[in-house]
Amino acid sequence: MDRRAFLWQGVCSSLPLLGSNGFVRQPGPRPVLRPSESGLSEFAKGLSGTVFRPGDTDYERLRKGYAAKYAGHPVLVVHAANAQDIQATVKFSSSNHLPLAVRCGGHSYAGYSTCDGGIVLDMSGFRSLAIAADEGHARLGGGMLCGGVEVETAKSGLATVLGQCPSVGVGGFLLGGGVGPLMGKYGLGCDNVLAAELVLADGRHVRASEHENPDLYWAIRGGGGNFGIVTEFVVTLHPVSRVLAGIIVLESADLGALLREFREFIAGIPDELTVIALVAARPGHKPQIVIEACYVGDPSVGEKLLAPLRHQPSVVHDAVQIRSYLELEQVTSAEIPPRYEEHCSGFFTDFDDQRIEILADAFSRAPFLVECFLVHLHGAVSRVPVSATAFPLRRAGITFDVSAGWTPPDGQRAASDWIEALKTTLPVDGDGNYVNVMEREGDESVRLAYGANYARLQQVKAVYDPQNLFSLNQNIRRA
Ligand SMILES: Cc1cc2nc3c(=O)[nH]c(=O)nc-3n(C[C@H](O)[C@H](O)[C@H](O)COP(=O)(O)OP(=O)(O)OC[C@H]3O[C@@H](n4cnc5c(N)ncnc54)[C@H](O)[C@@H]3O)c2cc1C
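Residues numbered from 1 in each chain as written. Predicted model: local features only at pLDDT ≥ 70, side-chain atom pairs only at ≥ 80, totals over all residues. Heavy atoms only, no water.

Quick look at the site of the ligand
Threshold: Residues are labelled near a given molecule or strand when at least one of their non-hydrogen atoms is within 4 Å of it. Pairs of N or O atoms are called polar contacts if they sit within 3.5 Å, as long as, within protein, a hydrogen donor faces a hydrogen acceptor (for residues adjacent in sequence, only side-chain-to-side-chain pairs). Here the open area of atoms and residues is found with the Shrake-Rupley method and a 1.4 Å probe, where only the protein chains shown may cover a residue. Here a helix means four or more residues in a row that DSSP labels H or I, a strand means two or more in a row labelled E, and each is numbered from the N terminus. Residues are grouped as follows: nonpolar covers Ala, Val, Leu, Ile, Met, Phe, Trp, Tyr, Cys and Pro; charged covers Asp, Glu, Lys and Arg; every other residue, Gly included, is treated as polar. The split of the chain into domains comes from an automatic or database domain assignment.
Contacts to the ligand come from 33 residues, most closely from C104, G106, S113, G169 and Y434. The backbone of G105 places a nitrogen or oxygen atom 3.0 Å from an oxygen atom of the ligand. Within the backbone of H107, one N or O atom sits 3.0 Å away from an oxygen atom of the ligand. For the ligand, the accessible surface in isolation is 960 Å², of which the surrounding protein chains cover 97%. Only α1 (7-13), β3 (100-103), α6 (170-176) and β10 (229-236) provide two or more residues apiece to the shell around the ligand. Counted by class, the shell around the ligand contains 16 nonpolar, 16 polar and one charged residues. When residues of the shell around the ligand are sorted by domain, at least three fall in each of domain 1 (30-122) and domain 2 (129-239 + 451-464).

Side note on the packing of helix α2 (residues 37-45) against helix α4 (residues 83-95)
The condition is simple: Every angle, taken between N-to-C directions, lies between 0 and 180 degrees, and every axis is a line fitted to C-alpha atoms, over only the stretch in contact when it is a helix. Working rule for angles: under 35 degrees goes down as roughly parallel, over 145 as roughly antiparallel, 65 to 115 as roughly perpendicular, anything else as oblique. The handedness criterion is simple: a crossing whose near helix is rotated anticlockwise from the far helix by less than a right angle is left-handed, and one whose near helix is rotated clockwise is right-handed. A contact between two residues is defined here by any heavy atoms of the two lying within 4.5 Å.
Packing of α2 against α4 brings their axes to within 10 Å, and their N-to-C directions diverge by 165°. The orientation of α2 with respect to α4, classified from their angle, is roughly antiparallel. Of the two possible hands of crossing, α2 and α4 adopt the one that is right-handed. Only A88, T89 and F92 of α4 make contact with α2, whose side of the interface consists of G39, L40 and F43. Classifying every residue of the contact of α2 with α4 gives four nonpolar, two polar and no charged.

Quick word on the sheet that holds strand β5 (residues 129-132)
Sheets are built from strands paired through backbone hydrogen bonds, the pairs being either parallel or antiparallel. Here is the rule: By this definition, two strands are paired if DSSP reports at least two bridges between them.
Judged by pairing direction, the sheet is antiparallel, and its five strands sit side by side in the order β5-β6-β10-β8-β9 without closing on themselves. Taken across any chain shown, the strands that pair with only one partner, and hence form the sheet edges, are β5 and β9 (205-209). The mean inter-strand angle of the sheet, taken between neighbouring strand axes irrespective of direction, is 15°. Pairing between strand β8 (residues 193-199) and β9: five bridges, direction antiparallel. Considered in β9, the bridge of A196 is made with A208. Sitting on the sheet, α4 is in contact with β8, β9 and β10, with an inclination near 60° to β8.

Quick look at unusual backbone geometry
Glycine aside, negative phi is the norm for most residues, and most peptide bonds take the trans geometry. In the segment running from P408 into P409, the intervening peptide bond is cis, with an omega of 5°. For H97, which is not glycine, the phi dihedral falls at a positive 55°. On the secondary structure map, H97 appears in the loop between α4 and β3. Unusually for a residue other than glycine, N468 sits at a positive phi of about 55°. Topologically, N468 is positioned in the segment after α16 (454-464).

Brief notes about α16
Stated formally: The classification of residues rests on relative accessible area computed with a 1.4 Å probe and restricted to protein chains. Under 20% of the type maximum is buried, over 50% is exposed, and intermediate values are partly exposed. The directions from the helix axis to the C-beta atoms form the arc being described.
Listed in full, the buried residues belonging to α16 are Y454, L457, Q458, V460, K461 and Y464. Viewed along the axis of α16, the buried residues span an arc of 165°, placing them on a single side of the element. For α16, the exposed residues set more than 90 degrees away from the buried face come down to Q459 and V463. Looking at the buried positions of α16, the neighbouring elements they touch are α8 (214-219) and α15 (443-450).

Quick look at the pattern of salt bridges
Think of it this way: side chains of opposite charge can pair up when their charged atoms draw near. The condition that has to hold: One side-chain nitrogen of Lys or Arg within 4 Å of one carboxyl oxygen of Asp or Glu is enough to make a salt bridge.
Applying the stated criterion across every chain yields a total of 28 salt bridges. For R310, the salt bridge is made with D318, and the minimal N-O distance between the two is 2.8 Å. Between R365 and D361 there is a salt bridge; the shortest N-O distance is 3.1 Å. By relative accessible area, R365 is classed as exposed at 59%. For D361, a relative accessible area of 37% corresponds to the partly exposed category. Linked by salt bridges that have partners in common, D352, R355, R395, D429 and D431 make up one network.

Below you can see the structure in the form of structure tokens.
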């Protein structure tokens, strides 16, 4: 494994930092009105936080996210210091018809945390964290990054369900679903959200929980950033300190055989074991599957479960050991440079031979480095009823996300053709997708992604954001 230290780091680190010159796709709707200079200055003066304009140093950093092709040119970046700043920003965007992008960790594949001609609301002023260990929960500011949460909760031998990249924001992660190494046992990130405080499109600052605005509480657990700006999440904490975990790398010229080994391994695994795989291929190298396994329970039981996989002749690297959960989560780098990528994603219940052959064939013909995350949903994730939260994928199966990186100025076409060819041949279940790994794919794909929950999400959207102020996301349209 010469280029991948660890699963999600595959997405994070394999290409060099690329400039934003040329070949940048236009991201979104253009503003209807452009506020006057005096209007902008007056708005900025009324804020406790800071405003960045084109030309300011931080503006350059904050106008870009992970998805380099969508780097936008907002008229302002607002670094909100408190909820009043958010309320003022919501009001200003709304009355001036300005696109409003919310930025937490900036990792949106679809580039929704930036925009052209509008406002980027930077939530990094909301990085507070309060742990109530005795009560088993933590309050996370709506701008926290996953890594910061994990470092602090680990001090009390606790953890909530977060992902594998420290710089992913809890905002996007929790609102869209949230998959990570503890999910087999404790559910998705969003299943661990007990309550949240949000600034709504009409400027009210409200709380959502089982007892307060329960329809909103339902919708923000999987419905993305469609309903308001979260200033605080309350999440469940679990006792997690030592785990049997690490990566196992399989390598073979026969990728189909590797994928079948992976399929056999995940069949019937218990809740305590969560498995996420990264398939990687590039010309001139044998394909690999980097499997991250995390067993939360008696290590001797975990060892027995993992033994069949670890003894496969295709194993070229095995780093599974008893370690602190924090160590597992900190393998990936904290700073992720922007990348140019094309993506496709989907969900299927049955990882059958046909799908394996299609994936293996496409990857064997990859003209450049291509990667695919295979995230096994099972256990606690799949025992939640579809209607209990907005997240629709509640049966055991695999959510996948394929990426093809490219280099400007002319690499996009080849990457996009390769992705499109795979998309047209790989069958998906079609009644749900993980919105956090989707590209900009159009209204019909978004409707299908929310699956059986779309109609109810439309109703909640009509109540809380009837003018669709929060549109830079996998957007729910009013009925
Ligand atoms: C390198 C990398 C690693 C990843 N690893 C994982 C992983 O391990 N598990 C996993 O499930 N996913 C993972 N993802 C996908 C990730 O969950 C999504 O990209 C997610 O949207 C990122 O959240 P963010 O806050 O960093 O992104 P941002 O781009 O800042 O936000 C994305 C969207 O979330 C909404 N949003 C964010 N914060 C708020 C808020 N406070 N209030 C209201 N809306 C808000 C907005 O609509 C915004 O457009 C990864 C992505 C990358 C690029």
